[in-house]
Every structure is written in structure tokens, then in C-alpha cells.
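# Structure at a glance
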Amino acid sequence: MMFITWEDSFWRTDRPVKMSRAETIFHSDIPDNTNGSKALPSNNNISETATVQQQKQKVTKDTAVRRGLIALTIFVSLVVGLVVFCLVIITQLQYEMRIMKERLENQEHQSSGQLKWLERNLTSEINNSFSELKMIANEDSRALYSKLQQHQLQINQSLERILHLNHSIELLVTATQDFPKGCTNVHRIYAKRQNTTGGVFDIYPESEHTSVEVYCDLETDGGGWFVFQRRMDGTEDFYRGWNDYVNGFGEKDKEMWLGLETIHQLTKNGSYELRVDLENFNGDTAYATYRAFSIASASDKYRLTLGDYNGTAGDSLAYHNNMQFSTKDSDNDQTSGSCAITCSGAWWYNSCHDSNLNGIYYQDGRDTAQSVSWHDWKFNRQSLKFSEMKFRKKTYE
């Protein structure tokens, strides 16, 4: 069905359209031919229907344009409204910020005034308190001075008591230290000379009438050690004869050998253990300990006796156990020649040595048979920077 509505005819502006009954006739209402046939209507009615269709298409386009303009107008109105709203909000925020700033300035002014008031009051209070204290001090100065004198007197009396007690302690220590028999019962304050590890002492192993000067190591592994050999800088000549090694040589707190006879006398009674401390020129250190240690008398050429080994240096004395002592002028080794001369030292040589701590001190640490060496530590004979041999009475079995 095709028809023209009132709205379409109302918005038409290009030319007037007159609504007629003929233009609103439905196709179904077109009359049949008078002769009763179903022939098409006349040409006039067909032409009129096409014109109506064209008019409707144009009216539809105009309606779309008008609706687009209306939508655009609404969008622009919304944008303008949003902008206006934002401006109102910004204006309100600026106003509130200005009010807040004024309040903060007022509070700051008030706080500043309060701080100044507090400062004035505190200054006044301090001045008043100081004045009062000054008055009290002036009034009580004599009494205070008297009390101070009394305290000073009490302190002096206490000091006198402490000094007297200290003197009594020294007398007691002296009574027990007058004739120490070994390094386990000496005290540093009685050392002739001392350093970080110990000092030089007079001990009385046999009687109160015979003293022996020894160096006691009071620090290493609990202390109590008799030191009988030390190499440290090469200042002492160790390539010596029999008598020097029997009697000993060197200063006890420097490079030294205590003496074979003294070692024998100190170890002939009781059970002793041995310790050997070593250091090379690279700064590496090691030690060796033996659970038993003694040397025989002169008649047996000061034969060495050792117990079981323990430590980090390796066992370079086992090869020399039960060997007699040899020097360049007293050959007691197991070879046809002289190990002491060949190795430039003095030692309990076997068929020469695994250790040679009384050999030549080479400052460059060279590796020779004549050097101060302990083979089983680095498995060479490089000259060592430091060696120290010591023994002490065993506290275990």
C-alpha cells in the first residue's frame, strides 16, 4: 500500500502539495473495468502513483537531515554545558583554596605569637631558676666545701687501703714466685724481658740455690712452654761446634739455642711434650706436636726420644727419632761422612735429614740441603723465615 501522510505534506517546502482523495486511494480500491475485466488502470492513475513515490523519497531525505541537525544541536549543547560546569568547579576550588590559604596564614601568625610567648616565659623561668640556684650555691658553699673535704678524705683512705691490699698481694705472689720450678708457675711481672708471647725468667728446677735463665712462652696453646730453639732473622750463627750446642748460645728472647745439657736436665724427670712452630717467607704458618719428648745425657750424645705426632706441618722428626746429636766437630750420624758438615748445621742427623732447623738461614728462602728446613710441610727444603722449638710438662697421659 502506498499513501502520503499529513506530516510529509506539512514539511514539504519546494512546492505546495494539495491533498486529494485520488492520491490516497489504495491500489485495492481501484475500480474494475466496467466490462468486468481485470485490465490495468488507466495511464493517468499510474502516472499519479509514481509521482507520489518520488515525493515520499525526497521527504525522507529531508527528514534525515533535520534529525542530524537536531542531534548536532543537542551534542553542542552538552559540550557547552560540560565546559560551563568545569568552569564553575574550577572557580569554586580556587575560592576554597584562597580561603584555606587565609586560614593557614592566620594559624601561622597565631602559632608564631604563641612560640614567642613561650620563649619569653621560658627565658624568664630559666633566669629565675638560675638566680635561685646561685643564691642557694652562695648560701651553701661553705657546707658544700665541707662535704667535699669529707669525701676527699674518705677517697684518700680508700686509696691507702687499696695500696696496702695490692702490696699484700705482691708479697703473696712474691712468696710463691721466688723460686719457680718451671714456666707453668711464673708471672709476667717478674720477667726480665717480655714480649707478646712471654718473657725471660729465672727458674729453679733443682734447688733454690741454682737458677736457669729460660724463655717461657705463656700464650701458645695455653702457655707453660720452655723455648729451647728459635730462628727469626739470621742474626745468630748456628754453624757451631759441640761445646756451644751443649752449653747454649744467643739471647733467650732472640735467636737462640738453650743448650743440650739444660734440655736434658729439664726433661730427665717427668713426662714432657714437644711443639714446633714454623713460618715461611710467604707468611704461611704450621705446627707439629709430639706426645713425648726427652733427650739423653751427654754419655749417650743427647739421643732424641719422641712420642706420637700431631699437627699441620707434617712429621719431619720421625726420621730423627732415637738419633744422637751431631755437630761439625762431633759426628754421630748414620753415614760414613759428616751430615753436620754436608748440611752446614747441627742436628739429630740420621743419614742426613728430613728437618734441619739449625741450618743456614737464607733470607731469600732458597731450597738447599743446608737451609733451615722442614721437608714434610711443603715437601721441599726451602729456608724458613721462623722456627721455634719448645717443650712443657704434660698434663695428660
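The paragraphs below set out a description of the structure included in this document. Small disclaimer: the values here were computed from a predicted structure and weren't measured.

To continue, consider the packing of aromatic side chains. Enumeration over the complete set of coordinates arrives at 18 aromatic pairs. Ring centres of F228 and F391 lie 5.9 Å apart, and the angle between their planes is 40°; this geometry places the pair in the tilted category. Highlighted residues: F228 in strand β4 (residues 225-231) and F391 in strand β12 (residues 386-393), separated in sequence by 163 residues. Take F228 and F391: they sit in the same class, and that class is buried. Centre to centre, the rings of W242 and Y302 are 6.0 Å apart; their planes meet at 40°, and the pair counts as tilted. One end of the pair, W242, is in helix α3 (residues 242-247); the other, Y302, is in the loop between β9 (293-295) and β10 (304-306), with 60 residues separating them in the sequence. Pairwise contacts between aromatic rings join F226, F228, F238, Y245, F249, W257, Y272, F293, F325, W347, W348 and F391 into one cluster. Taking NZ or CZ as reference, K301 lies 5.5 Å from the ring centre of W242, over its face.

The next subject is a nonpolar patch on the surface. Residues L72, F75, V76, V79, V80, V83, V84, L87 and V88 make up a contiguous nonpolar surface patch of roughly 790 Å² in combined accessible area. With respect to the helices, strands and loops of the structure, V79 is situated in helix α2 (residues 43-177). On the basis of relative accessible area, V79 is assigned to the partly exposed category, the value being 38%.

Scanning the entire structure with this criterion turns up 19 salt bridges. Among the salt bridges present, the one from D253 reaches R193, with a minimum N-O distance of 3.1 Å. Pair noted here: D253 is in the loop between β5 (249-250) and β6 (256-257) and R193 is in strand β1 (residues 193-194), with a separation of 60 residues, a long-range link. One salt bridge in this structure joins E388 and R230, with 2.8 Å as the shortest N-O distance. Taken together, the positions of E388 in strand β12 and R230 in strand β4 put the pair 158 residues apart, joining distant regions of the chain. Residues E388 and R230 agree in their burial class; the two are buried. Through salt bridges with shared partners, a single network forms among D217, R230, R275, D277, E388 and K390.

Each value, and the rule that gives it
- Residues numbered from 1 in each chain as written.
- Predicted model: local features only at pLDDT ≥ 70, side-chain atom pairs only at ≥ 80, totals over all residues.
- Heavy atoms only, no water.
- Phe/Tyr/Trp six-rings, centres within 6.5 Å; stacked < 30°, edge-to-face > 60°.
- Helix = DSSP H or I, 4+ residues; strand = E, 2+ residues; numbered from the N terminus.
- Buried < 20%, exposed > 50% of the residue type's maximum accessible area, 1.4 Å probe, protein only.
- Lys NZ or Arg CZ within 6 Å of the ring centre and 35° of its normal.
- Patch = residues over 30% accessible without salt bridge, like charges linked within 9 Å, V, L, I, M, F, W, Y side chains within 5 Å.
- Areas by Shrake-Rupley, 256 points an atom, 1.4 Å probe, with all protein chains shown as cover.
- Salt bridge = Lys/Arg side-chain N within 4 Å of Asp/Glu carboxyl O.

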